[in-house]
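In case you want the letters, here they are:
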Amino acid sequence: LLCLYAVRFLDRQLLHYIATTHLRSGTLFAMSHFCKPYPGASWNFSHPKESRVLERNELATLFGKDWEILHDDLIPDGDHGRQLIQFM
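Residues numbered from 1 in each chain as written. Predicted model: local features only at pLDDT ≥ 70, side-chain atom pairs only at ≥ 80, totals over all residues. Heavy atoms only, no water.

A. Up close: the nonpolar core. By size, the foremost hydrophobic cluster in this structure holds 13 residues, and its most contacted members are Leu15, Phe29, Met31, Leu54, Leu59 and Phe63. At the level of secondary structure, the elements contributing two or more residues to this core comprise helix H1 (12-20), helix H2 (58-63) and strand E3 (83-87). Examining the composition of this core, we find that three residues originate from one element, H1, more than from any other. Sequence-distant contacts of Leu15, defined by excluding residues within four places in its chain, comprise Leu10, Phe29, Met31, Leu54, Leu59, Leu62 and Phe63. (Core = buried A, V, L, I, M, F, W, Y, C linked by side-chain atoms within 4.5 Å. Buried < 20%, exposed > 50% of the residue type's maximum accessible area, 1.4 Å probe, protein only. Helix = DSSP H or I, 4+ residues; strand = E, 2+ residues; numbered from the N terminus. Contact = heavy atoms within 4.5 Å.)

Okay, structure coming up:
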């Protein structure tokens, strides 16, 4: 079993490494993080900073070539109206 667990901070280099490294067949990657609601959307919140927010199709583009995408939805964060991506 391979477990990848990320908390709180976006690390695009780590995401690129995971997406492009040939991990064992059957590996599952899941992530929930702040995400813009649509391509080109602005980010009108002070936290997190816009540079630490995913673009709407960023994960699908990064993982779509070599991984099967099982889930790619947005949900509200529940307190400030920010969007969270639920990606697997």
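Resuming the write-up.
B. Layout of the pairing of E3. Across four bridges, strand E1 (residues 31-34) lies against E3 in antiparallel orientation. Each residue of the ladder has a partner; that of Ser32, found in E3, is Gln86. Note: strand E2 (residues 72-76) against E3, five bridges, orientation antiparallel. Among the inter-strand pairings, Leu74 is bridged to a residue of E3, identified as Ile85. Linking E2 to E3, which pair antiparallel, is a turn of six residues; within it Gly78 sits at a positive phi near 95 degrees. (Pairing = 2+ DSSP bridges.)

C. Highlighting H1. Among the residues of H1, Leu15, Ile18 and Ala19 are the ones counted as buried. One side of H1 carries all its buried residues, which in axial view fall inside an arc of 95 degrees. Of the residues in H1, the exposed ones pointing more than 90 degrees away from the buried face are Gln13 and Tyr17. Buried-residue contacts for H1 involve E1 and H2. (Arc of directions from axis to C-beta.)

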